[in-house]
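# Topology and contacts: notes
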Amino acid sequence: MTEEPDNPGRQPVYGSDQEIIDEAIRLLAELDDTPLHQMTALYYQHGFEELRMVVGDLLRILGHNPDG
């Protein structure tokens, strides 16, 4: 389970590093498959937040502090 030493109170969302990697792949595929008519400002805002979170998790896997 990936731990967050900078945020010990946060409940883990993923059970393993592989789940984080799989989520990143799924998210990118979902963003790529979105039809043009659904690409609204809300879509981009939500997509950015999801990408920010999964990239932060990937950086933690690699031993980096995404907030520092």
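Just so we're clear, the structure is a prediction, and the values are computed from it rather than from any experiment. (Residues numbered from 1 in each chain as written. Predicted model: local features only at pLDDT ≥ 70, side-chain atom pairs only at ≥ 80, totals over all residues. Heavy atoms only, no water.)

### A word on helix 2 (residues 41-61)
Keep this limit in mind: Labels follow the DSSP assignment, with helices taken as runs of H or I lasting at least four residues and strands as runs of E lasting at least two, numbered in each case from the N terminus. Expected span, for any helix, means 1.5 Å times one less than how many residues it has. The buried label applies to any residue whose accessible area, calculated with a 1.4 Å probe on protein chains only, is under 20% of its type's maximum; exposed applies above 50%, and partly exposed to all values in between. The criterion used for residue contact is that any of the two residues' heavy atoms lie within 4.5 Å.
The end-to-end C-alpha distance of helix 2, which contains 21 residues, comes to 30 Å, matching closely the 30 Å that a straight helix rising 1.5 Å per residue would cover. If you check which residues of helix 2 are buried, you get Tyr43, Gly47, Glu50, Val54, Gly56, Asp57 and Arg60. Buried residues along helix 2 sit against helix 1 (17-32). After helix 2 finishes, the residue Gly63 shows a positive phi value of roughly 90°.

### Section: helix 1
Test applied: The directions considered for the arc run from the helix axis to the C-beta atoms.
Taking 1.5 Å of rise per residue, the 16 residues of helix 1 would be expected to cover 22 Å, and the 23 Å separating its terminal C-alpha atoms lies within 8% of that figure. Listing the buried residues of helix 1 in full gives Ile20, Glu23, Ala24, Leu27 and Leu31. All buried residues of helix 1 lie within an arc of 100° about the axis, which places them on one face of the element. Along helix 1, the residues that are exposed and aim more than 90 degrees away from the buried face are Ile25 and Asp32.

### Points about a nonpolar patch on the surface
Rule in force here: Residues form patches when they are more than 30% accessible in relative terms and have no salt bridge. Like charges link within 9 Å. Nonpolar side chains (Val, Leu, Ile, Met, Phe, Trp, Tyr) link within 5 Å. For accessible areas, the Shrake-Rupley method is used with a probe of radius 1.4 Å. Any residue's cover is judged against the shown protein chains and nothing else. For this document, the term salt bridge refers to a Lys or Arg side-chain nitrogen within 4 Å of an Asp or Glu carboxyl oxygen.
Among the surface-exposed residues, Val55, Leu59 and Leu62 lie close enough to one another that they form a single nonpolar patch of about 260 Å² accessible area. On the secondary structure map, Val55 appears in helix 2.

### Considerations on the pattern of salt bridges
Enumeration over the complete set of coordinates arrives at five salt bridges. Notably, a salt bridge pairs Arg26 with Glu50, separated by 3.8 Å at the nearest N-O pair. Here Glu50 lies in helix 2 and Arg26 lies in helix 1, a separation of 24 residues in the sequence. Within this structure, Glu23, Arg26, Glu30 and Glu50 form a network of salt bridges that share partners.

### A few points about the environment of Ala24
Take Ala24: it is sitting in helix 1. Counting along the chain gives 27 residues from Ala24 to Leu51, while the straight-line C-alpha distance between them is 7.7 Å. Apart from residues no more than four positions distant in its own chain, Ala24 is found in contact with Val54 and Leu58.

### A closer look at the packing of helix 1 against helix 2
This is how it is decided: Every angle, taken between N-to-C directions, lies between 0 and 180 degrees, and every axis is a line fitted to C-alpha atoms, over only the stretch in contact when it is a helix. Angle categories are assigned with fixed cut-offs, so that under 35 degrees is roughly parallel, over 145 is roughly antiparallel, 65 to 115 is roughly perpendicular, and the rest are oblique. Take the far helix as the reference: if the near one is turned anticlockwise from it by less than a right angle, the crossing is left-handed, and if turned clockwise, right-handed. Residue classes follow a fixed rule: Ala, Val, Leu, Ile, Met, Phe, Trp, Tyr, Cys and Pro count as nonpolar, while Asp, Glu, Lys and Arg count as charged, and any other residue, Gly among them, counts as polar.
Across the interface, helix 1 lies against helix 2 with an axial gap of 10 Å and an inter-helix angle of 155°. Taken together, helix 1 and helix 2 sit at an angle that is classed as roughly antiparallel. In the packing of helix 1 onto helix 2, the handedness of the crossing is left-handed. Judged by residue contacts, Asp17, Ile20, Ile21, Glu23, Ala24, Arg26, Leu27, Leu28 and Leu31 of helix 1 engage Tyr43, Gly47, Glu50, Leu51, Val54, Asp57, Leu58 and Ile61 from helix 2. Its residues assigned to classes, the contact of helix 1 with helix 2 comprises eleven nonpolar, one polar and five charged.

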